[in-house]
Amino acid sequence: VWSHQICDNSAKSGGLVAERYGVPSFFLDRPYGASEEDINYYAAELGEMVSFLEESSGRRMDWDRLLEVLGLAQQMTTLHREINEIKQAVPSPMANRRGSQLSNIGWLMAGTWEGVNYFTKVRDELKDRVNRGVGFIQQEKHRLLGVFPPPPIKWKLLDWMEKEHGAVVVADPLNFHWGEWEMDAAKPLDSLARRYFALPTSRQLHGPAADALLKDVVEDAWKHRVDGAIYWANIACRQGCAAIKSVKDVLRDRVGIPTVVADS
């Protein structure tokens, strides 16, 4: 099973894997738009995927288990939104690494108690710092907005920014800016489809950029009171790099802040 939930190049790579291993396969087609028609289409795609998996595995879908997982995913989403609100505080209570860590945990442990517990501990830790009026670093000099994930093999760069320059990534829209989503137990596949459309990175990179990405970066820049932005430009992502000029322009024209592009 594969999809192009975010990256369009994965639409081809999954088919090559299936061909290489000589196994049955199913492509989950995620529409470009986000209308009710698109959501209904995607929910139907998920239904077809369930049928494919039942036929391929000889096992039946456990709908009660799906509802349990969706409930835990709902808790994680609520906690993620809370964390995004808390980290607007001045000084920032959160380490530069934490945004990417939360995003990775959110993907790898979605709908699990481990994920809920991790998000809860981070939320409580941040609230405690805010209540005590202390930031993650002693002297905060620069409040930054980070666009796109920083290179995972170079997270020590994020530590260096904090320690040497007092630079804190206080806003991270592609990791934190959720769309509207609430679980509906009566419609599990519809709920799952809507969750995919609400995911921060997914809703922003499917476009159009003016409908989500540009609105989110401007809103987060104002709310988190940022001084400048870093665009982590990963050459492997065509969607991400295609939006650089638009993001730089909108942050300059509507927020009045500069953007530096870090190529990787």
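Just so we're clear, the structure is a prediction, and the values are computed from it rather than from any experiment. (Residues numbered from 1 in each chain as written. Predicted model: local features only at pLDDT ≥ 70, side-chain atom pairs only at ≥ 80, totals over all residues. Heavy atoms only, no water.)

## Regarding the overall build of the chain
Thinking step 1. The helix and strand tally for the chain stands at 12 helices and 6 strands.
Thinking step 2. Against the globule reference of 18 Å for 264 residues, the chain gives a C-alpha radius of gyration of 20 Å, in line with a compact fold.
Thinking step 3. Based on the C-alpha atoms only, the size of the chain along its principal axes is roughly 60 × 35 × 35 Å.
Thinking step 4. Counting only residues that meet the buried cut, the chain has 50% of its 264 residues in that class. (Helix = DSSP H or I, 4+ residues; strand = E, 2+ residues; numbered from the N terminus. Rg over C-alpha atoms; globule rule 2.2 N^0.38 Å. Buried < 20%, exposed > 50% of the residue type's maximum accessible area, 1.4 Å probe, protein only.)

## Details of the layout of surface pockets
Thinking step 1. Its volume calculated, the largest pocket comes out at about 830 Å³.
Thinking step 2. Contributing to the lining of the largest pocket are 31 residues, with Leu46, Met49, Leu66, Leu192 and Tyr196 lying nearest its centre.
Thinking step 3. At the level of elements, strand E1 (2-3), helix H2 (36-57), helix H3 (63-86), helix H4 (98-108) and helix H8 (188-198) are the ones that each hand at least two residues to the lining of the largest pocket.
Thinking step 4. Across the lining of the largest pocket, the residue classes break down as 21 nonpolar, 5 polar and 5 charged.
Thinking step 5. For the second largest pocket, the calculated volume is near 390 Å³.
Thinking step 6. As for the second largest pocket, its lining consists of 24 residues, of which Trp107, Phe148, Pro149, Pro152 and Asn234 are closest to the centre. (1 Å grid on protein atoms, 1.4 Å probe; cavity = no way out; pocket = protein on both sides within 12 Å on 5 of 7 lines; lining within 4 Å. Points joined across faces, edges and corners; volume = space filled by probe spheres on them. Nonpolar A, V, L, I, M, F, W, Y, C, P; charged D, E, K, R; others polar.)

## Details of the packing of H3 against H8
Thinking step 1. H8 packs onto H3 with a crossing angle of 35 degrees between their chain directions and a minimal axis gap of 10 Å. The handedness of the crossing between H3 and H8 comes out as left-handed. Side by side, H3 and H8 meet where Trp63, Leu66, Leu67, Leu70, Ala73 and Thr77 of the first sit next to Pro188, Leu189, Ser191, Leu192 and Arg195 of the second.
Thinking step 2. Split by residue class, the contact of H3 with H8 holds 8 nonpolar, 2 polar and 1 charged. (Axes fitted to C-alpha atoms, helices over the stretch in contact; angles between N-to-C directions. Left-handed = near helix turned anticlockwise from the far one by under 90°. Contact = heavy atoms within 4.5 Å.)

## A closer look at the packing of H4 against helix H5 (residues 113-132)
Thinking step 1. Between H4 and H5, whose axes approach to 10 Å, the crossing angle comes to 160 degrees. Here H4 lies roughly antiparallel to H5, going by the angle between them. Considering only the axes of H4 and H5, their crossing is left-handed. Contacts between H4 and H5 involve Arg98, Gln101, Leu102, Ile105 and Gly106 from the former and Gly115, Tyr118, Phe119, Val122 and Glu125 from the latter.
Thinking step 2. Considered class by class, the residues forming the contact of H4 with H5 number 5 nonpolar, 3 polar and 2 charged. (Parallel < 35°, antiparallel > 145°, perpendicular 65-115°, else oblique.)

## Overview of the confidence of the model for the chain
Thinking step 1. Predicted confidence across the chain gives a mean pLDDT of 94, with 100% of residues reaching 70 or more.
Thinking step 2. Taking the mean pLDDT of every element in the chain, the minimum, 86, falls on helix H11 (residues 238-242) and the maximum, 98, on H5. (pLDDT = per-residue confidence, 0-100.)

## Re empty space enclosed by the protein
Picture a little ball the size of a water molecule; that probe, rolled over the atoms, points out where space is still empty.
Thinking step 1. The tally for this structure, following the rule as stated, stands at 2 cavities of 30 Å³ or more.
Thinking step 2. Empty space within the largest cavity amounts to approximately 140 Å³.
Thinking step 3. Around the largest cavity sit 15 residues that line it, and His80, Gly106, Trp107, Trp178 and Leu199 are the ones nearest its centre.
Thinking step 4. Elements that contribute at least two residues to the lining of the largest cavity include exactly H3, H4, helix H7 (173-176) and helix H9 (200-205).
Thinking step 5. At 4 residues, the largest contribution of residues to the lining of the largest cavity is made by H4.
Thinking step 6. Within the lining of the largest cavity, the residues separate by chemical class into 8 nonpolar, 6 polar and 1 charged.
Thinking step 7. Together, 14 residues line the second largest cavity, and Asn96, Ser100, Pro150, Val169 and Asp172 are the ones closest to its centre.
Thinking step 8. Classifying every residue of the lining of the second largest cavity by side-chain character gives 8 nonpolar, 4 polar and 2 charged.

## Some points on H2
Thinking step 1. The terminal C-alpha atoms of H2, which comprises 22 residues, lie 31 Å apart, in line with the 32 Å expected from a rise of 1.5 Å per residue.
Thinking step 2. Inspection of H2 places Asp38, Ile39, Tyr42, Ala43, Glu45, Leu46, Met49, Val50, Phe52 and Glu54 among the buried residues, and these make up the whole buried set.
Thinking step 3. In this fold, the buried residues of H2 make contact with E1, strand E2 (27-28), H3 and H8.
Thinking step 4. Just downstream of H2 lies glycine 58, where phi reads positive at about 75 degrees. (Expected span 1.5 Å × (residues − 1).)

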